[in-house]
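# Results of the structural survey
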Amino acid sequence: IMLYMGNVNRIIFWLFLPSLLISYIVFRVFEWQTYDDGTRQLIAEQHALNLSDRDDIDCLILGGSNAVFSLSAEQISNQSSLTCYNLSLLDEGHSDGAYSDFIRTIPIDRTQIKKIFYSSVIPLNNPGFLDRLRKNKRQIGISGEIGFQITGRSLASYLIDFLQAKRLFETRQYPMPMRNGDFNFDDYDGCQQDKIRDDWALATINEDFKQWLGDNLLTIRNFFPNADISYVLPSTLRSQVNEDEFAKFSDTLRSVVESNSVNYIAQSSFLDVNVLCDGTHHGNAVGREIRTSELLVLMERLIL
């Protein structure tokens, strides 16, 4: 019996475990080779193409997916004296450096821009803020983390997809932006209200956070020296956040923003999932109209 057990242990140690390790590495290599950025790079290129023949833009929407889904440059242009373009990117370009490089290469007269709406959800998501600092340090590009990683998406998640008859390496594909940069809901079938989870965790407004936000606002100021800049705290479904706690957070954030000589606009929360697409900060077409209308009202109050 002892001899038998010794042989089994040797087989496990010298054959089974190395085979398991090699199989895992091969799987990660295959995962890396089949990486799909969900058209993020193509979207960035389409923005540049859209703006290559525009000399009338005097307003820009900047920020992440909250602004991609939930703000409309077309509506702002139709309902104000501004001619706006939505230059926001999914994941806010993944890192601040990548987003800055993207804006720097856009074929537009930046001195002509007189209004900027910078809408970032990062202050409402402390894990997201910490992840942003990590991505900044690693200089992640617009397409995301495409380098080979020994760790990645869990094998269990692939197994779940397999059991649900989903394509194992399928990435959600996003439509090309319209001529004004807005999200094209007509070409998107990814709205899944039943999967929306309200789980926000407000960022800790410490020195690291103040430095991050101040640097971003300064970058925007340097890019667009003639623009009136408004930081927009976006609408989200935040039913799990205590209202008093949120009000205190918003007041603190306002002081940080205004200390950088930037206007502060806090938008109200989305009331329910019926105006959302696939996330608590992603409005659908109706939610976008509601949120943009409110932003226009709040902008007018700033002017008055």
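First, a word on scope: everything that follows refers to the structure included in this document. Treat the numbers as computed from the prediction; the structure is a model and nothing was measured. (Residues numbered from 1 in each chain as written. Predicted model: local features only at pLDDT ≥ 70, side-chain atom pairs only at ≥ 80, totals over all residues. Heavy atoms only, no water.)

### Here's the deal with the overall build of the protein
Helices and strands together make up the secondary structure of the protein, namely 10 helices and 7 strands. Counting over 304 residues, the protein shows a buried share of 47%. Considering only intrachain contacts with a sequence separation of at least 6, the fraction spanning at least 24 residues in the protein is 82%. (Helix = DSSP H or I, 4+ residues; strand = E, 2+ residues; numbered from the N terminus. Buried < 20%, exposed > 50% of the residue type's maximum accessible area, 1.4 Å probe, protein only. Contact = heavy atoms within 4.5 Å.)

### Focus: empty space enclosed by the protein
Taken as a whole and assessed by the stated rule, the structure comprises 3 cavities of 30 Å³ or more. Of the voids in this model, the largest cavity is the one considered here, and its volume is about 120 Å³. Lining the largest cavity, in full, are Leu-62, Glu-92, Asp-96, Tyr-99, Ser-100, Ile-103, Tyr-118, Arg-132, Asn-216, Thr-219, Ile-220 and Phe-223. Going through the elements one at a time, helix H5 (96-105) and helix H8 (207-223) are the ones with two or more residues in the lining of the largest cavity. Taken together, the residues of the lining of the largest cavity sort by class into 6 nonpolar, 3 polar and 3 charged. Computed from the structure, the second largest cavity encloses a volume of approximately 100 Å³. Lining the second largest cavity we find 13 residues, and of these Ile-43, His-47, Val-68, Pro-177 and Phe-183 sit closest to its centre. (1 Å grid on protein atoms, 1.4 Å probe; cavity = no way out; pocket = protein on both sides within 12 Å on 5 of 7 lines; lining within 4 Å. Points joined across faces, edges and corners; volume = space filled by probe spheres on them. Nonpolar A, V, L, I, M, F, W, Y, C, P; charged D, E, K, R; others polar.)

### Comments concerning the pairing of strand E6 (residues 276-279)
Where E6 lies against strand E7 (residues 282-283), 2 bridges are found, and the strand directions are antiparallel. By the bridge assignment for E7, Leu-276 is matched with Gly-283. (Pairing = 2+ DSSP bridges.)

### A closer look at the packing of aromatic side chains
Per the stated rule, a full pass over the model turns up 15 aromatic pairs. Geometrically, the ring pair formed by Tyr-174 and Tyr-188 is stacked, given 5.7 Å between the ring centres and 15° between the ring planes. Separated by 14 residues along the polypeptide, Tyr-174 in the loop between helix H7 (155-163) and H8 and Tyr-188 in the loop between H7 and H8 bring together distant segments of the chain. Comparing Tyr-174 with Tyr-188 shows no difference in burial state: the two are buried. Here Phe-209 and Trp-212 contribute two aromatic rings whose centre-to-centre distance is 5.7 Å and whose plane-to-plane angle is 50°, an arrangement assigned as tilted. Of the two residues, Phe-209 and Trp-212 both sit in helix H8, 3 residues apart, roughly one turn of that helix. The exposure class of Phe-209 is buried, given its relative accessible area of 0%. Ring-pair connections join several aromatic residues into one group, and the members of that group are Phe-69, Tyr-174, Phe-183, Phe-185 and Tyr-188. (Phe/Tyr/Trp six-rings, centres within 6.5 Å; stacked < 30°, edge-to-face > 60°.)

### A few points about the environment of Gly-97
With respect to the helices and strands, Gly-97 occurs in helix H5. With relative accessibility at 39%, the residue Gly-97 sits in the partly exposed group. Put simply, Gly-97 and Arg-138 are 41 residues apart on the chain and 10.0 Å apart in space, counted from C-alpha to C-alpha.

### Topic: unusual backbone geometry
At Asp-91, a residue that is not glycine, the phi angle is positive and equals roughly 60°. Turning to its location among the elements, Asp-91 is positioned in the loop between strand E2 (84-86) and H5. In this structure, His-94 is a non-glycine residue whose phi angle is positive, near 75°. Here His-94 lies in the loop between E2 and H5.

### A closer look at the pairing of strand E3 (residues 115-119)
With 5 of 5 residues buried, E3 is to be regarded as a mostly interior element. Of the two faces of E3, the one carrying Lys-115, Phe-117 and Ser-119 and the one carrying Ile-116 and Tyr-118 are both buried. Bridge count between strand E1 (residues 59-63) and E3: 5 bridges; the pairing is parallel. Of the residues in E3, the one forming a bridge with Leu-62 is Tyr-118. One ladder, built from 5 bridges, connects E3 with strand E4 (residues 228-233); its direction is parallel.

### Concerning the packing of H5 against H8
Their axes nearest at 11 Å, the elements H5 and H8 cross at an angle of 5°. Put simply, H5 runs roughly parallel to H8. On the side of H5, the interface is formed by Asp-96, Ser-100, Ile-103 and Arg-104, while H8 contributes Trp-212, Asn-216, Thr-219 and Phe-223. Split into classes, the residues belonging to the contact of H5 with H8 amount to 3 nonpolar, 3 polar and 2 charged. (Axes fitted to C-alpha atoms, helices over the stretch in contact; angles between N-to-C directions. Parallel < 35°, antiparallel > 145°, perpendicular 65-115°, else oblique.)

### A word on the nonpolar core
Counting residues in each nonpolar core, the largest one holds 45 residues, and the members touching the most others are Leu-60, Leu-62, Ile-116, Phe-224 and Leu-253. At the level of elements, helix H2 (40-51), E1, H5, E3, H8, E4 and helix H9 (243-258) are the ones that each hand at least two residues to this core. Looking at this core, the element that brings in the most residues is H8, giving 6 residues. Excluding anything up to four places from it in sequence, Ile-116 contacts Leu-60, Leu-62, Ile-220, Phe-224, Ala-227, Asp-228, Ile-229 and Ser-230. Formed by 15 residues, the second largest nonpolar core is a distinct cluster that contains Ile-61, Ala-67, Ile-265 and Leu-295. (Core = buried A, V, L, I, M, F, W, Y, C linked by side-chain atoms within 4.5 Å.)

### Looking at the pattern of salt bridges
In this structure the tally under the stated criterion is 11 salt bridges. Residue Arg-40 pairs with Asp-91 through a salt bridge whose shortest N-O separation is 2.7 Å. Of this pair, Arg-40 sits in helix H2 while Asp-91 sits in the loop between E2 and H5, and the two are 51 residues apart along the sequence. Owing to a relative accessible area of 15%, Arg-40 belongs among the buried residues under this scheme. (Salt bridge = Lys/Arg side-chain N within 4 Å of Asp/Glu carboxyl O.)

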